[in-house]
Amino acid sequence: MATAASPRAHGADRPVVFDNARVVDPSRDLDTMGTVIVADRRIVAAGPEAAGAARPAGAEVVDCGGAVVAPGIVDMRVFVGEPGAEHRETFASAGEAAAAGGVTALVTMPDTDPVIDDIALVDFIGRRARDETGVRVYPAAALTKGLAGGAMTELGLLREAGAIAFTDGRRTVTNAAVMRRALSYARDFGALIMHHAADPALVGNGVMNEGEAATRLGLAGIPREAETVVVERDIRLAALTGGRYHAALISCAQSLDVVRRAKAAGLAVTCGVSVNHLTLNENDIGPYRTFFKLSPPLRAEDDRRAMVAGLADGSIDVIVSSHDPQDVDTKRHPFAEAADGAVGLETLLAAALRPVHNGEVDLVTLFRALATRPAELLGLEVGRLAPGAPADLIVVDIDAPWVCDAERLRSRSKNTPFEGARFTGIVRRTLVAGRTVYAYAPG
Amino acid sequence: MALMNAPPLPPAVTFGHRHLLGIEGLTAAEIVGLLDLAEAAVEVSRKIEKKKAVLRGRTQVNLFFEPSTRTQSSFEIAGKRLGADVMNMAVAASAVSKGETLIDTAMTLNAMRPDILVVRHHAAGAVELLSHKVSCSVINAGDGAHEHPTQALLDALTIRRHKGKIAGLVVAICGDIAHSRVARSNILLLNALGARVRVIGPSTLMPAGIERMGVAVFSEMAAGLAGADIVMMLRLQRERMDGSFVPSVREYFHFFGLDEAKLAAAKPDALVMHPGPMNRGVEIDSAVADGAQSLIREQVEMGVAVRMAVLEALAAHLPNA
């Protein structure tokens, strides 16, 4: 691929032509060789027809050499340490990790210190993100005040201030009446509620998937039902209220069945899966490796395969990184006492390409779940390469191998479950609104 | 004697009920009859000598299990203008706190042989239950979130005096529909008289199945108020604005509080009403509450007239009348 330019070398308004590209645009079910033309921050043309189209004057012409050009990834679940835990991650470091991982838009979770439950804080995140990053950052605001699961936040005012969706982040709203009213109230504003489904009483002191592996390790288990009963309850409440509900992270086959039934019934219900649950299982925990301690926990291999199948048939709407920076003071503990979470912005695409290389999922389906669907759910016009769309796109050499080295991750925290993993697929270049925010430099 | 100068009675009202427990069950003719009677009562109330003798010698007891200032005093004045002996009982502070049941209180009162009981209770259906146990006429002055018939009648009278009619008017009732007896009685009455009724409020304050009561449901003020002739605001209780039903006062006012900007969506000659007491800056802006389109103060005057009309209509059914 013929580009060696540094990120800053490209002016915001210089047109770019990507020739000899494998154009993947799920919004048009497109996966074909062609050309992508970018000018004035937007897609001018993308596809075979663009090859013969007029090139904008002064355009930079890139020969992609057959590399994939796809919509930039829209990651719906990212924890950033700012405000309150800047030693783990800042907007600047998260933004660099995102751009390097092909993530052009990310949704930040509200469980920060302070909690994002006030319009001034939504505004703060918007300003910090604009100043510090080249990627798009959309704050999700808390669903309940202080994430306490009781009183709902000012959903209407927060939405006007720029909150893209509402969630209690890592927390689950256990009170069904609170969830009912929140869904009902949110419906009036068309607001999306994203919920982490894990009944705290059923989770109890569990730290990994309940079953043989946990028993052998002597660790307390978390039953799949801790997730499924909440998803099932929420779906019934979504049906009752007409609210838009998104199960943020599902991890097991039985939760997926519940979501499938809701979709078949025509409900406004969607779900996401983390790339970890698509590619890893409980056995990866091995000798108590805390970087594999996640919430929901990694499940059995059958569950992982169900997640891949759900992705392939469209039952799973989105893939997220669930990027959750933790440092040694929260991870270097006995397994049961370590914090949950893994970083993932930079490895999201490479890991998500595994089912593609295994022949389980095609590229259009993958990018639909990584970019197009999340953008639709959030009401964003990105996530597609259709003419007129914002030029948020990535160039990916999907056949290039690399080995993940945690120390080289751009994130301030290095808690990746993919340390030493062999990946196939490298992001060559990332554009946000036509501006190059990342360009791969070997070495 | 002043009574000689009383205006001629309107055409005889055929009010076929011993009690007034709700708007439900009244015919359109009965409602119109009460409104006509109330028109006459307005005239009486505007004279220097305001007394009639319809209830002379009768005993009216206002039995309020829930605190009320304006409704109770309105019934008291109405009864006194008709010549009744009126007694107020604030039960919240007396017998009930000693453990006496609703029925026991009713039986005790009944033994004192009142002619009319005006009752307000926090539980829906309590007034009707009480009416089965006493031998006098009972007027519902508000039972839970069920009905408040005299409020709906006074609202209708106020509207009719300004618009000349009820039929065909677009009436938007805004706010806490779920917990409002005023909304329910108004919906029943306005529909009976042929108005087109809308309800507007956040979904959390909208009771299930309300559309089956013959209203169009809106969750956005601009859409719900478009083309409205009458805008009725409802009071929102403080305890419902803390995140349980509505996130906060400022959010509620931003989206549902009636200010001049939102009122502009209604017809230019739209009129604004509120059953009181108002929360200024919560459901209504002072500029609107006190503005030229506001009928809020007039509603209070009509309240006395309507209650006189109801008492007069029921007087026809009192024993030995």
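Keep in mind that this is a model prediction, so the values were computed, not measured.

Asker: Tell me about the overall build of chain A, and please be specific about residues and values.
Answerer: The helix and strand inventory of chain A stands at 14 helices and 17 strands. Against the compact-globule benchmark of 22 Å for 443 residues, chain A has a radius of gyration of 21 Å, which places it among compact chains. Overall, chain A is about 60 × 50 × 45 Å in size when its C-alpha atoms are taken along their principal axes. Looking at the 443 residues of chain A, the share that counts as buried comes to 61%. Counted over contacts in chain A with a minimum sequence separation of 6, partners at least 24 positions apart contribute 74%. As displayed, chain A has an accessible area near 15,700 Å², and 49% of this comes from carbon and sulfur atoms. Computing the positive centroid from 47 side-chain charges and the negative centroid from 56, chain A places the two 1 Å apart.

Asker: Residues and numbers for the sheet that holds strand β13 (residues 269-274) of chain A, please.
Answerer: Residue and element names in this part refer to chain A. With respect to topology, four strands assemble into an open sheet ordered β9-β12-β13-β14, the strand pairing being parallel. Bordering the open sheet on either side are β9 (192-195) and β14 (318-320), each of which pairs with just one other strand. Between one strand axis and the next, the sheet turns by 30° as a mean value, whatever way the strands run. Judged from the four bridges that link them, β9 and strand β12 (residues 244-247) form a sheet pairing that is parallel. Residue pairing across strands places Leu-192 opposite Arg-244, the latter belonging to β12. Each of β9 and β12 touches helix α4 (residues 176-189); the most contacted strand, β9, lies at about 150° to it. Sitting on the sheet, helix α7 (residues 225-241) is in contact with β9, β12 and β13, with an inclination near 170° to β12.

Asker: Hey, could you go over the sheet that holds strand β8 (residues 230-233) of chain B for me, with residue numbers and the actual values?
Answerer: Pairing between the strands of a sheet is mediated by backbone hydrogen bonds and can be parallel or antiparallel. Residue and element names in this part refer to chain B. Read from one edge of the open sheet, five strands run β7-β6-β5-β8-β9, paired in parallel fashion. Of all strands in the sheet, those bounded by a partner on one side alone are β7 (216-218) and β9 (271-273). Direction aside, the axes of adjacent strands within the sheet are offset by 20° on average. Bridging between β8 and β9 involves three bridges; their strand directions are parallel. When the sheet's bridge partners are listed, Ile-230 is paired in β9 with Leu-271.

Asker: Please provide a residue-by-residue account of the packing of aromatic side chains, values included.
Answerer: Within a pair of aromatic rings, the relevant descriptors are the distance that separates the centres and the angle that separates the planes. Tallied over the entire structure, the rule returns five aromatic pairs over all chains. An angle of 50° between the planes, with centres 5.3 Å apart, marks the rings of Tyr-185 of chain A and Phe-189 of chain A as tilted. Linking Tyr-185 of chain A with Phe-189 of chain A, this pair stays in helix α4, spanning four residues, or about one helical turn. Exposure remark for Tyr-185 of chain A: the relative accessible area of 1% places this residue in the buried category. Centroid distance Trp-402 of chain A to Phe-423 of chain A: 5.2 Å. Interplanar angle 45°. Geometry classified as tilted. You can see Trp-402 of chain A sitting in strand β15 (residues 393-403) and its partner Phe-423 of chain A sitting in strand β16 (residues 422-432), a full 21 residues away along the chain. On the basis of relative accessibility, which here comes to 24%, the residue Trp-402 of chain A falls in the partly exposed class. Through successive ring pairs, a cluster of aromatic residues spans Tyr-185 and Phe-189 of chain A together with Phe-255 of chain B. Across the ring face of Phe-253 of chain B, the terminal group of Lys-262 of chain B is positioned such that the distance to the ring centre comes to 5.6 Å. When the ring centre of Phe-75 of chain B is taken as origin, the NZ or CZ atom of Arg-307 of chain B, which lies over that ring, is 5.0 Å away.

Asker: Hey, could you go over the nonpolar core for me, with residue numbers and the actual values?
Answerer: Soluble globular proteins tend to bury their nonpolar side chains together. Core analysis: the biggest nonpolar cluster contains 129 residues, and Ile-319, Leu-349, Leu-363, Leu-366, Phe-367 and Leu-370 of chain A together with Leu-258 of chain B have the highest contact counts within it. Among the elements that make up this core, the one with the highest residue count is α4 of chain A (seven residues). Counting 64 residues, the second largest nonpolar core, distinct from the first, contains Ile-23, Ala-38, Val-86 and Ile-116 of chain B.

Asker: Before we move on, could you go through the confidence of the model for chain B and cite the residues and values that matter?
Answerer: Confidence along chain B averages 91 in pLDDT terms, with 93% of residues attaining 70 or more. The ipTM, which scores confidence in the relative placement of chains, is 0.82 for this predicted complex, and the corresponding pTM is 0.90.

Asker: Would you mind going over the pairing of strand β4 (residues 137-143) of chain B in detail, with residue names and values included?
Answerer: Residue and element names in this part refer to chain B. Among the seven residues that make up β4, seven are buried, leaving the element largely enclosed by the rest of the structure. Of the strand pairs in this sheet, strand β3 (residues 116-121) and β4 are connected by five bridges, and their pairing is parallel. By the bridge assignment for β4, Val-118 is matched with Ile-139.

Asker: Describe in detail the pattern of salt bridges, supporting the description with residues and values.
Answerer: Residues and elements named next belong to chain A. This structure, assessed with the given rule, holds 45 salt bridges over all chains. The residue Glu-132 makes a salt bridge to Arg-128 at a minimum N-O spacing of 3.4 Å. Here the residue Glu-132 and the residue Arg-128 both occupy positions in helix α2 (residues 119-132), the gap between them amounting to four residues, near one helical turn. A relative accessible area of 26% means that Arg-128 is categorised as partly exposed. With its nearest N and O atoms 2.9 Å apart, the salt bridge here joins Arg-260 to Asp-313. Of this pair, Arg-260 sits in helix α8 (residues 253-264) while Asp-313 sits in the loop between α10 (301-312) and β14, and the two are 53 residues apart along the sequence. A relative accessible area of 30% places Arg-260 in the partly exposed class. A cluster of three or more residues bridged by salt bridges with shared partners is formed by Lys-263, Asp-317, Arg-373 and Glu-376.

Asker: I'd love a proper account of helix α2 (residues 70-81) of chain B, names of residues and values included.
Answerer: All names here are of chain B. Over its 12 residues, α2 extends 16 Å from the first C-alpha to the last, a length consistent with the 16 Å expected when each residue adds 1.5 Å. Where α2 is concerned, the buried positions are Thr-71, Gln-72, Ser-74, Phe-75, Glu-76, Ala-78, Gly-79 and Arg-81. One or two steps after α2, the chain reaches Gly-83, where phi turns positive at roughly 90°.

Calculation notes
Residues numbered from 1 in each chain as written. Chains lettered and ligands numbered in written order. Predicted model: local features only at pLDDT ≥ 70, side-chain atom pairs only at ≥ 80, totals over all residues. Heavy atoms only, no water. Helix = DSSP H or I, 4+ residues; strand = E, 2+ residues; numbered from the N terminus. Rg over C-alpha atoms; globule rule 2.2 N^0.38 Å. Buried < 20%, exposed > 50% of the residue type's maximum accessible area, 1.4 Å probe, protein only. Contact = heavy atoms within 4.5 Å. Areas by Shrake-Rupley, 256 points an atom, 1.4 Å probe, with all protein chains shown as cover. Lys, Arg positive; Asp, Glu negative; His and termini not counted. Charge placed at Lys NZ, Arg CZ, Asp CG, Glu CD. Pairing = 2+ DSSP bridges. Axes fitted to C-alpha atoms, helices over the stretch in contact; angles between N-to-C directions. Phe/Tyr/Trp six-rings, centres within 6.5 Å; stacked < 30°, edge-to-face > 60°. Lys NZ or Arg CZ within 6 Å of the ring centre and 35° of its normal. Core = buried A, V, L, I, M, F, W, Y, C linked by side-chain atoms within 4.5 Å. pLDDT = per-residue confidence, 0-100. Salt bridge = Lys/Arg side-chain N within 4 Å of Asp/Glu carboxyl O. Expected span 1.5 Å × (residues − 1).

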